[in-house]
Amino acid sequence: MAKPADPIIELRGIAKQFGGVQALRGVDIRLFPGEVQALVGENGAGKSTLVKILAGIHKPDAGVMKMGGELVELRSPTQAQALGIAVVYQEPMLFPDLNIAENIFMGRHPRDRFGRVNWKRMYREVDQLLESLDVALSSRTPVQGLSVAEQQMVEIAKALSLQARVLVLDEPTAALSSHEVEELFAIVKQLRERGVAILFVSHRLEEVFRIADRVTVFRDGTHIITAPISEINTEEMIKHMVGRELSRLFPKGEAEIGEVALEVRHLTRAGVFADVNFQLRRGEILGFAGLVGAGRTEVARVLFGIDRAEGGEIWLKGKKVRIRSPQEAMDYGIAYVPEDRHLQGLVMNFSIATNITLPILQKVSRLGLVDPRKEQKIAAEHSRQLSIRSTGVEQLVNALSGGNQQKVVLSKWLATNPSVLILDEPTRGIDVGAKAEVHRIISDLAARGLAIILISSELPEVLAMADQVLVLHEGRVTGAFARSEATQERVMFAATGQDR
Amino acid sequence: MKRLRSLLITWEALLVVLLLISIGVGATRSPYFLSGFNFYALTSNIMEIAIMALPMTLIIIAGEIDLSVASTLGLTSVVLGLLWSRGYPMWLAIGVALLIGIVAGCLNGFLVTKLALPSLVVTIGTLALYRGLAYVVLGDQAVSSFPSAFTNFGFGTIGSSEIPWSGLIFAILLILFVVVLHFSRLGRQLYAIGNNKEAARFSGINVSRVKLLLFILSGGIAALAGVIFTARFSSARPDNAVGFELVVVTVVLLGGVNIFGGRGSLLGVALAIFIVAILQNVLGLLNISGDIQSLAIGLLLILSVLGPNVARRIQVVITRRRLVAGSS
């Protein structure tokens, strides 16, 4: 394909920091008219941040953006729209109670000379637009009831009606069936012919190879490579995505592997995950790898009694059990450190002590009354064990750092004296020092005979810590590796749904 | 010193000041205000509200609300009256009335927890429903021929003191509720639910069961208030205590309980009860009409939602200034 010399949009040295996390470290990207450029990378590589910068939601801390050779600054989503940048998200953001035409012309309805909405013109234009995209929908169809794929079509039609020159598709195929993906690709190809520049963000590498002209790989907030699709293969792409050093991570120490603590057979929750099998022994760490939305947290939620499974069996210490509530899970000795500290893990304006004793109030109460001395004692003990840095157990947790908050959540669940511990993204959003400390704690716990499930989107973390790795892709187990077999490439292949 | 200062700017401390001011105003504006009989009058006047404010405090702290309490009071009052007028013994009439209150609370709790409907809407619905039922049960009439032992309990005092019997009931309940809310496992769970329902659930707390329990408690207590109200006026009418739910919510919020749940204390609510009692009493002594009185309650309600939030913001600003001053 002949490429004109000038890019429609050019980003240079874009950097963005959130709190202590550097999401983007000065990335460059250029989009040319009539090209589909794929953007790939692991979780946390900075893809979403870049999308949000293009959408005008986030302002970069550093770097410049040029459109048609001129410097521009995006201060708001409205401005991004006015400059011809349109973003279609995985979950389309439409008004469900309005029809297609009203959604497309929201905020800019065509008017007649009396200032009234010119409905006729609006419906005519939208019908023409949908027809030009080969979408068999009427402009008067209410958005409510449309499939995700159809809603994406509406978003794309909206982008076209806004004369968008840059179209960003953020994981558009994640929620689509294979037939719907075909229809989406047909439209993408049509837009490419019209000269629109398309940035296609995706986890699915086989789709990238099918649709993209060029591919850009991000890793840890840096731009690794941009190459024509014909000059790169899957292996190379994955290597670029994961190529990271393992040395700075804390490896798991020696632990005696004991009897089977937890066994899961054919566990299925309709539409979420299916036929999950594994065996977990005392002293063992089982890593759950996979991309965001692969169904890892969902399996954990079922094991902890928050959601119910429709099929399959859960065996604890050789006995088949039914877990119907978190309370029951706790009674069986299962503890779950949830992925979202603020939303699920902690009561932010409770003290360290009251947070730690929340699941074990029974243990620190007599005749239904909380014994403050006992509470303080248990909390202080756990606080010391994990060396939580605070002014005392009476300190409110919202005054603690992320790492220390995470240690409070860990303490809270260790206080329940579990035999199976599920850790969901235990090091997300905490700094490097605290991370190493959490890794050491996890390793110690395994040495003490706990059976541990470690869910993590950081592949190196899983590989360094886990004795066996289970890889999920779209709710199915696509790989199971022993520690010695698990390599970044193999796990990434399974996680992206590649067959090998 | 630092502790003293932080004590001074708590909402409860502010309420103590407000209480003293209202006593001062009452004493200077009316010669009758400080009389023993007036103390009896203002206390017995607020006791049904005070009693209902106790479970309401727990419910609002847990992040819900029950607006049907006054209607439950009315319904149980007419059930009590009807049974008595049909010749059933008093103990049975009271027992059935309390049971009706518990059933009413159960229905609220069921709709809120099992069907996951917002309690605000559910209890606005049952506010109308229970009041309507009260009219169905007794029509436009009233039952007013109650036995003297019952009515004496309604407007008599304990011994030669000026304390009404309802005051004793309130005092006992207050102690029980303070123990539950501030010292028990259940109380801790309530605060956890009000602050972060998800985290409470993830900690193994059965959020639905706790909430169901609260609504049942609220219904039962409203029925108890219905019995007291009926005895005090010696009258069971379907329009008994119309509009009381607003006053109940007002005293709870004025007491510093956060309308969004998770914060508040019964000490504050207890102080607020007496502030509102004195306010109503003083307005009455000054011959100010009922319309103006309800206007005052409405204003107070809005101010009480606003007040603790503003106070907290001021506190935050003060702490921040102190931190800045300390670091420089």
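Definitions and limits used
Residues numbered from 1 in each chain as written. Chains lettered and ligands numbered in written order. Predicted model: local features only at pLDDT ≥ 70, side-chain atom pairs only at ≥ 80, totals over all residues. Heavy atoms only, no water. Buried < 20%, exposed > 50% of the residue type's maximum accessible area, 1.4 Å probe, protein only. Helix = DSSP H or I, 4+ residues; strand = E, 2+ residues; numbered from the N terminus. Pairing = 2+ DSSP bridges. Contact = heavy atoms within 4.5 Å. Buried area = accessible area lost by both parts, 1.4 Å probe. Salt bridge = Lys/Arg side-chain N within 4 Å of Asp/Glu carboxyl O. Axes fitted to C-alpha atoms, helices over the stretch in contact; angles between N-to-C directions.

Caption draft 1: Spotlight on the pairing of strand β6 (residues 85-88) of chain A. Residues and elements named next belong to chain A. Of the two faces of β6, the one carrying I85 and V87 and the one carrying A86 and V88 are both buried. As judged from the four bridges shared by β6 and strand β7 (residues 166-170), these two strands associate in the parallel manner. Counterpart to V87 in the pairing with β7 is V168.

Caption draft 2: Examining the interface of chain B and chain A more closely. If you look at the interface, chain B gives 18 residues, while chain A gives 29 residues. Across the chain B to chain A interface the summed buried area is about 1900 Å²; carbon plus sulfur atoms make up 58%. By the criterion of area lost to chain A, the three top residues of chain B are R185, R188 and F202 of chain B, representing 41% of everything that side buries. Among the ionic pairs, R188 of chain B bridges to E375 of chain A, the shortest N-O distance being 2.5 Å.

Caption draft 3: Structural context of unusual backbone geometry. Even without glycine at this site, D134 of chain A takes up a positive phi of about 60°. Tracing the chain through its elements places D134 of chain A in the loop between α4 (119-132) and α5 (148-161). Phi is positive for S234 of chain B, close to 50°, though the residue is something other than glycine. Along the chain, S234 of chain B turns up in the loop between α11 (207-233) and α12 (244-254).

Caption draft 4: Here's a closer look at the sheet that holds strand β13 (residues 285-290) of chain A. Residue and element names in this part refer to chain A. Across the sheet, which stays open at both edges, the six strands sit in the order β16-β19-β20-β13-β21-β22 with mixed pairing between neighbours. Only two strands of the sheet have a single partner each, and these edge strands are β16 (334-337) and β22 (476-482). Averaged over all pairs of adjacent strands, the angle between their axes in this sheet comes to 15°, without regard to strand direction. Across six bridges, strand β21 (residues 468-473) lies against β22 in antiparallel orientation.

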